Amino acid sequence: MIIGAGLAGAKAAEVLREKGFDGRIVLLGDEQHRPYERPPLSKDLLTGKADRESAFVHPENWYTDHDVDLRLGAAVTAIDRGAREVVLGDGSRVGYTKLLLATGAEPRSLPGADATLRLRRFGDTEALRQVLATGSRLAVVGAGWVGLEVAAAARQAGLEVTVLEALELPLLPALGREAARVFADLHVEHGVDLRLGVQVAEAGPGGVRLADGTRIEADAVLVGIGAIPNTALAEAAGLDVDNGIQVDEHLRTSDPDIFAAGDVANAYHPLLGRHLRVEHWANALKQPAVAAAGMLGVDAVYDELPYFYTDQYDLGMEFLGHPDGYDRVVFRGDVAAREFIAFWLKGGKVVAGMNVNVWDVTGPIKALIRSGSAVDIDRLTDPSVPLADVNTDRSGAPA
Ligand SMILES: Cc1cc2nc3c(=O)[nH]c(=O)nc-3n(C[C@H](O)[C@H](O)[C@H](O)COP(=O)(O)OP(=O)(O)OC[C@H]3O[C@@H](n4cnc5c(N)ncnc54)[C@H](O)[C@@H]3O)c2cc1C
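Residues numbered from 1 in each chain as written. Predicted model: local features only at pLDDT ≥ 70, side-chain atom pairs only at ≥ 80, totals over all residues. Heavy atoms only, no water.

As for the pattern of salt bridges
Side-chain pairs of opposite charge can arise whenever the charged atoms involved come near each other.
So, step 1. One pass over the full model with this rule turns up 27 salt bridges.
So, step 2. Residues Asp-69 and Arg-71 are paired through a salt bridge, measuring 3.0 Å at the closest nitrogen-oxygen approach.
So, step 3. Overall, the relative accessible area of 27% leaves Asp-69 in the partly exposed class.
So, step 4. Across the salt bridge formed by Arg-120 and Asp-263, the nearest N and O atoms sit 2.9 Å from each other. Separated by 143 residues along the polypeptide, Arg-120 in the loop between β8 (105-107) and α4 (122-134) and Asp-263 in the loop between β18 (258-260) and β19 (265-269) bring together distant segments of the chain.
So, step 5. Overall, Arg-120 belongs to the buried group, its relative accessible area being 16%. (Salt bridge = Lys/Arg side-chain N within 4 Å of Asp/Glu carboxyl O. Buried < 20%, exposed > 50% of the residue type's maximum accessible area, 1.4 Å probe, protein only. Helix = DSSP H or I, 4+ residues; strand = E, 2+ residues; numbered from the N terminus.)

Concerning the environment of Glu-318
So, step 1. Relative to the elements of secondary structure, Glu-318 occurs in strand β22 (residues 315-321).
So, step 2. Separated by 27 residues in the primary sequence, Glu-318 and Ala-291 have C-alpha atoms spaced 25 Å apart.
So, step 3. Residues contacting Glu-318, with those up to four places away along its chain left out, are Tyr-307, Phe-308, Tyr-309, Gly-353, Met-354, Asn-355, Trp-359 and Thr-362.
So, step 4. A polar contact of 2.5 Å, which involves the side chain of Glu-318, links it to the side chain of Tyr-307. (Contact = heavy atoms within 4.5 Å. Polar contact = N/O pair within 3.5 Å; in protein donor to acceptor, adjacent residues only side chain to side chain.)

Description of the packing of helix α1 (residues 7-18) against helix α9 (residues 281-295)
So, step 1. α9 packs onto α1 with a crossing angle of 40° between their chain directions and a minimal axis gap of 8 Å. Between α1 and α9 the crossing geometry is right-handed. Across from Leu-7, Ala-8, Lys-11, Ala-12, Val-15 and Leu-16 in α1, the residues of α9 making contact are Trp-281, Ala-284, Leu-285, Pro-288, Ala-289 and Ala-292.
So, step 2. Among the residues forming the contact of α1 with α9, the class breakdown is 11 nonpolar, no polar and one charged. (Axes fitted to C-alpha atoms, helices over the stretch in contact; angles between N-to-C directions. Left-handed = near helix turned anticlockwise from the far one by under 90°. Nonpolar A, V, L, I, M, F, W, Y, C, P; charged D, E, K, R; others polar.)

Right, dumping it as structure tokens:
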């Protein structure tokens, strides 16, 4: 039984079949669409470069072909662990032997900002596309990944865009000061009115009022201030919940028959030695294999480094690792031309890397992080030195 028909849920069904499971699979989703990927919602679907069909995880007939009982518009309202059943909105019950929670996350809302837009589902993209097609001014609250991608799409559609961010730089919690500047410059250069360190007092269909009284008129306001994991079911069922559903490195919850994966899972990460909840596509893509293995009785360990990508204007970027407690950021390449790799270092070792308009380097960056060895900074920042050769400890090959 899988609750949540998003990327993680769909992948779990796929992997279970790939692993030879021939029992019953029920995939329950509260949306009306079969599982789809969300990154295009703020990129090619929004700009019209791609259509919905390209966003679905599987072709329409995949579920029947693989004997997956996909039920759409099926919101689960409770998990009865004693009876090993889940309860649906219509009161019906479905039994399970093993259960995966892949309920994802919901956009955090701004109190009192009901008539604003959000971006999580197909319908949200449609509403925003209408604004891009007919409006002339958009205000975006929150300079996180979603807010910035929407800002880029809106600028490319010719709208005036104001981005309002409470912190002093966009993406500050994710990237830190050094690399966050790249994104601030990018948007300012593309004509975004980027207002940093501001507090939004009120937001509605006609615009935003800041705490200092400044009024920003807009045809629509998009709120992109992060997401909250959908943990209500797990919490009510008495599972351990703390910033997501707490799972171990096998993605097992505090109930040995229940697993969690994707945005909703706060999983113990063996490399970091702590729990980590990742709201990224690659995580939702890969965690299900580990959860599925556990459901079939073969414990596997999830220790992938967090991976994320974004596309904004002509900037394409991939980010790998976790810059937890970093003490230095160094760059390799041309930052002004936005063609570089940034490395986050902690105690002389690389803990994260971000390649901007430089491709096919995530393998070597991953090897550098996983090696856990100190690097020679001069060699690391010299684009003529192959990334495979920048470790100061040459005695051991990267793991
Ligand atoms: C606009 C946008 C852009 C993004 N861009 C990027 C990007 O560029 N790069 C990147 O790495 N990541 C990106 N992400 C993040 C990525 O899309 C998510 O990490 C991924 O969707 C998580 O998949 P999931 O299956 O865990 O959760 P979700 O995709 O949220 O799916 C969970 C599903 O479960 C359903 N559900 C919840 N509760 C219940 C219930 N009680 N009963 C039944 N169904 C339920 C939900 O409605 C939803 O359909 C983006 C996300 C958004 C919203």
